[in-house]
Amino acid sequence: MNRHISVLICVFTLATTAKVAAIDPNRRGHEHEYEQEQEQEQEQEQEHEKKQKYTCPMHPEVVTNHPGNCPKCGMKLVPLKQNKRRTSNAQRPTSNSEHMMHHGHDMAMPHHDHGGHEMHPPSHEGHEMHMEMHSSINLADPMNREGSGTSWLPDSSPMYGRMFMFGNDMLMLHGAIFPRYTNVSTRRGDDRIDAPNWIMGMYSHPLGDTAQFGARLMMTLDPLTEGGRGYPLLFQSGESWHDQPLHDRQHPHDLFDELSVSLAQKFDHDLSTYFYFGYPGEPALGPPTFMHRPSAMDNPDAPLGHHWQDSTHVTFGVATAGLAWRNIKVEGSVFTGREPDENRYDFDRPRFDSFSGRISWNPTQNLALQFSHGYIKSPEDLEPDLKRHRTTASVIYNLPLGHDSNWSNTFVWGQNHDTGEGKTQSFLVESDYQRGRDTVYLRWERVEKSGHELVLEPPDESSIFPVSGYTIGYVRDLSHGSGVDIGLGMQFTINDRPDRLDRYYGDDLGYAFQFFLRIRPSLHSHAGHEHSVHAVAGMEK
């Protein structure tokens with residue numbers, strides 16, 4: 001009996017030992033297989049690194065197979081997340097902690113379908129959603145598209161500013177100042193030292209995945225640097241000083257140029273709506289204001305057709321509603337028709353007695369089109385009975401030419417139809433070519449102005465005079481791409497006028513020249529995006 005028990009114990013021991021040996025990963029044969037699996041994984045990792053793609057946080061459609069800078073905006077490219085097959089637990093030993101980390105990673109970055117709660121593994125589309133930066137007005141629009149008020153720029157437009165991230169909240173700061181000496185010829189000319197300037201902050205706060213709250217503040221110290229009369233600018237007109245209409249001078253802007261809030265709702269990938277309220281703000285009328293256009297941001301002067309095209313950018317009382325579908329937007333505004341009064345430090349009384357509508361279309365990344373019409377009641381304080389119908393159309397074409405190089409162009413047509421005066425036209429063409437530290441810009445414009453606008457004597461008040469301006473300028477950046485761009489610039493303008501105006505302006509050629517410094521934040525990729533780039537890169541890791 002004992003012999004049989006001993007035999008059974010021996011057989012059981014041998015069987016158990018054989019079974020353990022068969023599954024022992026430390027045995028030579030299995031160790032060799034495991035090493036082969038590890039080598040295969042390393043080869044896959046190396047192959048994955050070779051196939052690693054890089055993309056731009058601002059332009060997710062830009063994808064390259066090597067690191068560098070975005071050809072559209074110059075921002076640093078970041079690694080593009082790609083799904084990689086993992087070996088199963090049957091292929092290699094995996095600890096419980098590794099297994100939990102693997103599934104925890106998948107759960108930490110869920111992708112929700114609209115209206116659903118099902119979690120899926122991370123995808124390329126989800127990655128693009130995380131990386132895209134939105135307009136502070138409408139979260140369905142890319143940030144580069146955001147112009148003044150609710151207007152659109154081309155999606156490829158450069159951005160000069162500093163960005164700050166507070167969790168999911170975004171704050172973007174813009175601005176510029178032009179300390180300069182300017183000299184304008186003719187009897188109505190002048191020379192002076194001044195400094196046109198502005199600063200702006202844009203803030204956005206997400207309200208879940210499909211809604212957003214936005215706020216903007218724009219201010220200027222023009223009342224201090226320009227005084228009540230503004231700066232000399234031949235054939236310019238609009239607004240008043242000491243109850244007298246201004247002529248051949250650009251009026252200063254108010255201390256508060258925009259104080260607005262907005263609420264946007266995204267219904268699906270293509271459809272969104274928003275509401276905008278400004279006190280002051282900018283209605284849906286005209287192209288983006290000159291100081292916010294890439295084609296004009298190096299030029300210190302306002303266009304001569306400012307009050308035919310985009311003068312409503314400082315309006316005390318604006319309410320706008322818009323609907324955007326893909327790259328088309330329709331919007332309407334009710335607003336105060338009266339332009340700001342002579343007190344540049346106060347908030348004027350809102351009236352909401354005027355209205356406008358605008359349709360915008362960005363058919364490509366480099367193109368922005370708009371057509372708008374508005375009724376403006378009593379725009380001038382000195383002419384309370386005046387009623388104006390304004391119609392505008394514009395084309396903005398922006399072409400990125402590689403890292404730190406850009407070419408921007410704008411065409412604007414504006415028409416005013418005033419009671420008692422009829423229709424007058426304005427045309428403008430701008431071009432700005434920037435390459436590294438050097439920028440060359442041009443502006444041509446032709447405006448039909450009445451003798452009343454130019455403050456002529458009674459016999460000529462009702463006549464219409466076509467006046468023109470031809471401007472060329474150059475800026476060389478002394479400091480470039482280091483947070484603040486400081487450029488030394490010069491500009492020369494020749495003005496053309498009918499001979500009938502010689503009795504007011506003299507027989508001499510109309511011209512103007514100026515020397516200036518242009519101080520502004522660097523291109524967005526250099527100035528303030530390091531935090532968000534690192535945040536995205538950290539998320540990818």
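Asker: Is there a simple way to explain the overall build of the chain in this structure?
Answerer: Assigned secondary structure in the chain consists of 9 helices and 24 strands. Expressed as a percentage of contacts within the chain between residues at least 6 apart in sequence, the contacts between residues at least 24 apart total 62%.

Asker: In this structure, what is going on with a positive patch on the surface? I would like to understand it.
Answerer: A surface patch of positive charge is lined by Arg349, Arg351, Lys377 and Lys387. If you trace the backbone, Arg351 turns up in the loop between β15 (328-335) and β16 (354-361).

Asker: Honestly, the packing of aromatic side chains in this entry has me stumped. Any pointers?
Answerer: Between two aromatic rings, the relevant description is the distance of the centres plus the angle of the planes. Taken as a whole and assessed by the stated rule, the structure comprises 11 aromatic pairs. A centroid spacing of 6.3 Å and a plane angle of 20° characterise the contact between Phe492 and Tyr511, whose relative ring orientation is stacked. Separated by 19 residues along the polypeptide, Phe492 in strand β23 (residues 484-496) and Tyr511 in strand β24 (residues 510-521) bring together distant segments of the chain. Accessibility expressed as a relative area gives 30% for Tyr511, which makes it partly exposed. Positioned above the aromatic ring of Tyr160, the side-chain terminus of Arg520 is 3.8 Å from the ring centre.

Asker: Quick question: what am I supposed to make of the pairing of strand β20 (residues 422-435) here?
Answerer: Each regular strand shows side chains that alternate between the opposite faces of the sheet. Looking at chain direction, strand β19 (residues 405-418) and β20 are connected through 14 bridges and run antiparallel. Within the sheet, the bridge partner assigned to Trp413 lies in β20 and is Phe427. Between β19 and β20, which pair antiparallel and follow one another directly, the connecting turn spans 3 residues, one of which, Gly420, has a positive phi of 80°. Counting the residues in the hairpin turn of β20 and strand β21 (residues 438-450) gives 2 residues, including Gly436, whose phi is positive at 60°.

Asker: Just checking my understanding: could you explain the sheet that holds strand β3 (residues 78-79) for this structure?
Answerer: Sheet strands associate in pairs through backbone hydrogen bonding, adopting either a parallel or an antiparallel arrangement. Spatially, the 3 strands line up as an open sheet ordered β2-β1-β3, and their pairing is antiparallel. What marks the edges here is a single partner per strand, and that holds for β2 (63-64) and β3. Judged from the 2 bridges that link them, strand β1 (residues 54-55) and β2 form a sheet pairing that is antiparallel. Residue pairing across strands places Thr55 opposite Val63, the latter belonging to β2.

Asker: Help me understand the nonpolar core in this model?
Answerer: Side chains of nonpolar character tend, in soluble globular proteins, to be buried together. Core analysis: the largest hydrophobic core is formed by 34 residues, its most contacted members being Met143, Met172, Leu501 and Tyr505. Only β5 (169-177), β8 (197-206), β10 (231-241), β21, β22 (464-479), α7 (502-505) and β24 provide two or more residues apiece to this core. Among the elements that make up this core, the one with the highest residue count is β10 (4 residues). Contacts of Tyr505, omitting those with residues within four sequence positions, involve Thr186, Arg187, Arg188, Leu234, Phe235, Asp248, Leu454 and Arg497. Judged by nonpolar contacts, the second largest core, of 9 residues, contains Leu139, Ala264, Tyr274 and Tyr276.

Asker: Just checking my understanding: could you explain the pattern of salt bridges for this structure?
Answerer: Oppositely charged side chains can pair when the atoms bearing their charge come close. Under the defined criterion, the tally for this structure stands at 28 salt bridges. Here Arg249 ties to Asp190 by a salt bridge, and the two come within 3.2 Å at their closest N and O atoms. Here the residue Arg249 occupies a position in strand β11 (residues 244-250), and Asp190 occupies one in the loop between β6 (180-184) and β7 (191-194), the gap between them amounting to 59 residues. We classify Arg249 as buried; its relative accessible area is 6%. A salt bridge links Lys329 to Glu331, with the nearest nitrogen and oxygen atoms 3.5 Å apart. Assessed through its relative accessible area of 4%, Glu331 is described here as buried. Through salt bridges with shared partners, one network takes in Arg293, Asp310, Glu430 and Arg443.

Asker: I would appreciate a short explanation of the pairing of β7 in the present structure.
Answerer: Here 4 bridges tie β6 to β7, and the two strands are oriented antiparallel to one another. Looking at the pairing, Thr182 lines up with Arg192 of β7. Between β6 and β7, which pair antiparallel one after the other, the connecting turn spans 6 residues, and Thr186 there sits at a positive phi close to 75°.

Asker: What am I meant to see in the environment of Thr186 here?
Answerer: Structurally, Thr186 is set in the loop between β6 and β7. Residues Thr186 and Gly510, spaced 324 residues apart in sequence, show a C-alpha to C-alpha distance of 6.0 Å. Apart from residues lying up to four places away in sequence, Thr186 is in contact with Leu234, Arg497, Tyr505, Asp508, Leu509 and Gly510.

Asker: Mind showing me how you'd approach the confidence of the model for the chain here?
Answerer: If pLDDT is low for a region, its predicted coordinates should not be looked at in detail. Overall, the predicted model of the chain reaches an average pLDDT of 84, with 79% of residues at or above 70. Contacts from residues 7-30, a stretch scored under 50 in pLDDT, to residues over four places away or in other chains number 7 contacts. Below a pLDDT of 50 lies the segment residues 526-541, which in the model reaches 30 contacts outside its immediate sequence neighbourhood of four places, other chains included.

Asker: Please clarify how the side chain of Ser522 should be interpreted in this entry.
Answerer: In this fold, Ser522 is placed in the loop between β24 and α8 (524-527). In this structure Ser522 comes out as buried when scored by relative accessible area, which is 0%.

Scoring rules and cut-offs
Throughout, residues of each chain are indexed from 1 in the direction in which the sequence is written. Confidence filtering applies because this is a predicted model: local features only for residues at pLDDT of at least 70, side-chain atom pairs given and counted only at 80 or more, and all residues used for totals across whole chains, interfaces and linings. Hydrogens and water are ignored here; the side-chain numbers use all heavy atoms of the structure. Per the convention used, a helix needs a DSSP run of H or I reaching at least four residues, while a strand needs a run of E reaching at least two, with both numbered from the N terminus. Contact between two residues is taken to exist if any of their heavy atoms lie within 4.5 Å; hydrogens are not considered. Patches here are clusters of residues that have more than 30% relative accessible area and form no salt bridge, with a 9 Å joining cutoff for like charges and a 5 Å cutoff for nonpolar side chains (Val, Leu, Ile, Met, Phe, Trp, Tyr). Surface exposure here means Shrake-Rupley accessible area, sampled with a 1.4 Å probe, where a residue is shielded only by the protein chains that are shown. The salt bridge definition used is simple: a Lys or Arg side-chain nitrogen within 4 Å of an Asp or Glu carboxyl oxygen. For the purpose of counting charges, residues Lys and Arg are taken to be positive, whereas Asp and Glu are taken to be negative. His and the chain ends are not included. Charged groups are reduced to one reference atom each: NZ for lysine, CZ for arginine, CG for aspartic acid, CD for glutamic acid. Stacked, tilted and edge-to-face are the three classes applied to pairs of Phe, Tyr and Trp rings, where Trp contributes its six-membered ring and a pair requires centres within 6.5 Å; stacked means planes under 30 degrees apart, edge-to-face means over 60, and tilted covers the rest. The classification of residues rests on relative accessible area computed with a 1.4 Å probe and restricted to protein chains. Under 20% of the type maximum is buried, over 50% is exposed, and intermediate values are partly exposed. We call a charge positioned above a ring when the Lys NZ or Arg CZ atom is no farther than 6 Å from the ring centre and deviates by at most 35 degrees from the ring normal. At least two DSSP bridges between two strands are required for those strands to pair. Grouping buried Ala, Val, Leu, Ile, Met, Phe, Trp, Tyr and Cys residues that are joined through side-chain atoms within 4.5 Å yields what is termed a nonpolar core. A residue's pLDDT is the predictor's confidence in that residue, given on a scale from 0 to 100.

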